[in-house]
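Summary of structural features
Here's the letter readout for the chains.
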Amino acid sequence: MAISITEQGAKRINDFLANRGSGIGVRLGVKTTGCSGMAYVIEFVDEVNADEDVTFDSNGVTIVVDKKSLVYIDGTEMDYVKEGLNEGFEFKNPNEKDACGCGESFTS
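Below is a summary of the structure that appears in this document. Keep in mind the model is a prediction, meaning the values are calculated, not measured.

Our next topic: the overall build of the protein chain. A count of helices and strands for the protein chain gives two helices and nine strands. Going residue by residue from the N terminus, the α and β elements of the protein chain occur as β-α-β-β-β-β-α-β-β-β-β. Here the protein chain holds 108 residues, and 34% of them are scored as buried. Counted over contacts in the protein chain with a minimum sequence separation of 6, partners at least 24 positions apart contribute 52%. On the protein chain, roughly 6400 Å² of surface is accessible, and the fraction owed to carbon and sulfur atoms is 45%.

Structure (structure tokens):
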């Protein structure tokens with residue numbers, strides 16, 4: 001079981017955390033939504049719930065995942081991508097079987 005982040009993604013997360021002034025890392029999870037079923041959720045983390053969370057350290061970033069989401073995103077690599085005027089986090093998820101046309105949700 002592992003969640004990882006690229007160097008570019010880690011730099012962006014660390015910049016966000018520095019600007020925020022607090023936090024131990026980011027939480028990555030999924031929620032039921034969209035036309036394909038699930039969407040990724042990223043938020044800052046100030047503390048870990050030892051009973052419900054699993055932590056991963058990658059390129060100097062702590063990534064926290066709740067156990068329910070881990071089933072759908074195990075093996076995922078987070079990256080930060082800039083293409084023209086668009087920029088944002090991209091997920092390479094080996095469990096993803098299909099994604100909707102707009103890219104907002106996926107099926108596992």
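Now for the side chain of Asn-93. By the element assignment, Asn-93 lies in the loop between strand 7 (86–92) and strand 8 (98–99). On the basis of relative accessible area, Asn-93 is assigned to the buried category, the value being 8%. Side chain to side chain, Asn-93 and Thr-76 meet in a polar contact 3.4 Å long.

Moving on to the sheet that holds strand 7. With mixed pairing, three strands are arranged side by side in an open sheet as 1-6-7. Two strands bound the open sheet, and with one partner strand each, they are strand 1 (4–5) and strand 7.

Another point: the pattern of salt bridges. Within this structure, the stated rule accounts for seven salt bridges. When the shortest N-O distance is used, the salt bridge between Asp-46 and Arg-20 registers 2.9 Å. Note that Asp-46 is positioned in the loop between strand 3 (37–45) and strand 4 (53–58) and Arg-20 in helix 1 (residues 7–20), a separation of 26 residues in sequence. With a closest N to O distance of 3.9 Å, Asp-79 and Lys-92 form a salt bridge.

Judged by nonpolar contacts, the single largest core of 17 residues is most densely connected at Ile-3, Ile-5, Leu-28, Val-61, Ile-63 and Val-65. Those elements giving two or more residues to this core turn out to be helix 1, strand 2 (25–33), strand 5 (61–66) and helix 2 (67–73). For Val-65, the residues in contact, after removing those within four places along its chain, are Ile-3, Arg-27, Leu-28, Glu-52, Asp-53, Val-54, Phe-56, Leu-70 and Ile-73.

The tally for this structure, following the rule as stated, stands at two aromatic pairs. Arranged with centres 4.1 Å apart and planes meeting at 20 degrees, the rings of Tyr-40 and Phe-91 form a pair that is stacked. Of the two residues, Tyr-40 sits in strand 3 while Phe-91 sits in strand 7, which places them 51 residues apart along the sequence. Given a relative accessible area of 18%, Phe-91 falls into the buried group. Between Tyr-80 and Phe-89, the ring centres sit 5.1 Å apart and the planes meet at 70 degrees, which makes this aromatic pair edge-to-face.

What counts as what
- Residues numbered from 1 in each chain as written.
- Predicted model: local features only at pLDDT ≥ 70, side-chain atom pairs only at ≥ 80, totals over all residues.
- Heavy atoms only, no water.
- Helix = DSSP H or I, 4+ residues; strand = E, 2+ residues; numbered from the N terminus.
- Buried < 20%, exposed > 50% of the residue type's maximum accessible area, 1.4 Å probe, protein only.
- Contact = heavy atoms within 4.5 Å.
- Areas by Shrake-Rupley, 256 points an atom, 1.4 Å probe, with all protein chains shown as cover.
- Polar contact = N/O pair within 3.5 Å; in protein donor to acceptor, adjacent residues only side chain to side chain.
- Pairing = 2+ DSSP bridges.
- Salt bridge = Lys/Arg side-chain N within 4 Å of Asp/Glu carboxyl O.
- Core = buried A, V, L, I, M, F, W, Y, C linked by side-chain atoms within 4.5 Å.
- Phe/Tyr/Trp six-rings, centres within 6.5 Å; stacked < 30°, edge-to-face > 60°.

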